Amino acid sequence: MTATTNDCIFCKIVAGDIPANIVYEDEHCIAFKDINPRADTHVLLIPRKHIASLMELQDTDKELFGHMMITLPKVAKQLGLDNGYRTIVNTGPGGGQEVYHVHFHILAGKGKLPFA
Ligand code: 5GP
Ligand code: ZN
């Protein structure tokens, strides 16, 4: 069930092998529009590194995830979400995760929130 880098759709987006509407990128992470938006704004923030889910996080990922938590509000600000937004991380089958490359959903505006 857990995708590896080779068959992971988000790794393919990181590599530029499949297109995505990228709204932010830096050395460690990228953010792009969800292909099936559940709200007016629906963006996914992902690490460039393939990590399947929060359950796979290691102590060595501390710096990366610290960076991502600091970057997320910067991306939201860039998207103009000054009134706030919802951040969701689905983890494992029980959490409704569909793509096994860890990602933060950033959602705002009208939509079906929270989604299941
Ligand atoms: P999950 O349920 O794993 O938390 O969410 C995966 C999200 O990835 C879904 O909201 C889905 O619409 C989105 N998604 C799946 N495949 C692609 C894709 O190829 N491109 C983009 N931009 N989003 C995708
Ligand atoms: Zn991946």
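Starting from 1, residues in each chain are numbered consecutively following that chain's sequence as written. Lettering of chains starts at A and numbering of ligands starts at 1, both following the order in which they are written. In keeping with the predicted nature of the model, local features appear solely for residues at pLDDT of at least 70, side-chain atom pairs appear and are counted solely at 80 or more, and the whole-chain, interface and lining totals rest on all residues. To obtain the side-chain values, all non-hydrogen atoms of the structure were included, while hydrogens and water were left out.

1. Description of the packing of aromatic side chains
Item 1. We call Phe, Tyr and Trp rings a pair once their centres come within 6.5 Å, taking the six-membered ring for Trp, and we label the pair stacked below 30 degrees between planes, edge-to-face above 60, and tilted otherwise. All chains considered together, the criterion is met by two aromatic pairs.
Item 2. Between the aromatic rings of F10 and F32, the centroid separation amounts to 5.3 Å while the plane-to-plane angle is 80°, which identifies the pairing as edge-to-face. Highlighted residues: F10 in helix α1 (residues 9–15) and F32 in strand β2 (residues 29–33), separated in sequence by 22 residues. The two residues F10 and F32 agree in class, both being buried.
Item 3. Their ring planes at 45° and their centres at 6.0 Å tell us that F65 and F104 sit as a pair that is tilted. Linking F65 in helix α2 (residues 62–78) with F104 in strand β5 (residues 104–111), this pair joins segments that are 39 residues apart in sequence.
Item 4. Relative accessibility decides the category of a residue: with a 1.4 Å probe and only protein chains considered, values under 20% of the type maximum give buried, values over 50% give exposed, and everything between is partly exposed. Looking at F65, the relative accessible area reads 11%, which means it is buried.
Item 5. Judged by its relative accessible area of 7%, F104 is buried. Numbering goes from the N terminus for both helices and strands, where a helix is a DSSP run of H or I of at least four residues and a strand is a run of E of at least two.

2. A short note on the side chain of H103
Item 1. With respect to the helices, strands and loops of the structure, H103 is situated in the loop between β4 (86–88) and β5.
Item 2. H103 gets classed as buried once you look at its relative accessible area, which sits at 7%.
Item 3. Contacts described as polar in this section are N or O atom pairs within 3.5 Å, which, within protein, must combine one atom able to donate a hydrogen with one able to accept it, while residues neighboring in sequence count only if both atoms come from side chains. Side-chain polar atoms of H103 contact the backbone oxygen of H101, separated by 2.7 Å.
Item 4. The contact partners of H103, leaving out residues within four places of it in the chain, are F10, L44, L45, I46, I88, V89 and Q97. Residue contacts follow a heavy-atom distance rule, with two residues in contact if any of their heavy atoms lie within 4.5 Å.

3. A short note on the environment of R48
Item 1. Within the secondary structure, R48 sits in the loop between β3 (39–47) and α2.
Item 2. A C-alpha to C-alpha distance of 9.8 Å links R48 and L64, two positions 16 residues apart in sequence.
Item 3. Apart from the residues lying within four places of it in its own chain, the contact partners of R48 are V14, E25, D26, E27, H28, C29, I30 and H101.
Item 4. Polar contacts involving the side chain of R48 include one to the main-chain carbonyl oxygen of E27, which spans 3.4 Å.

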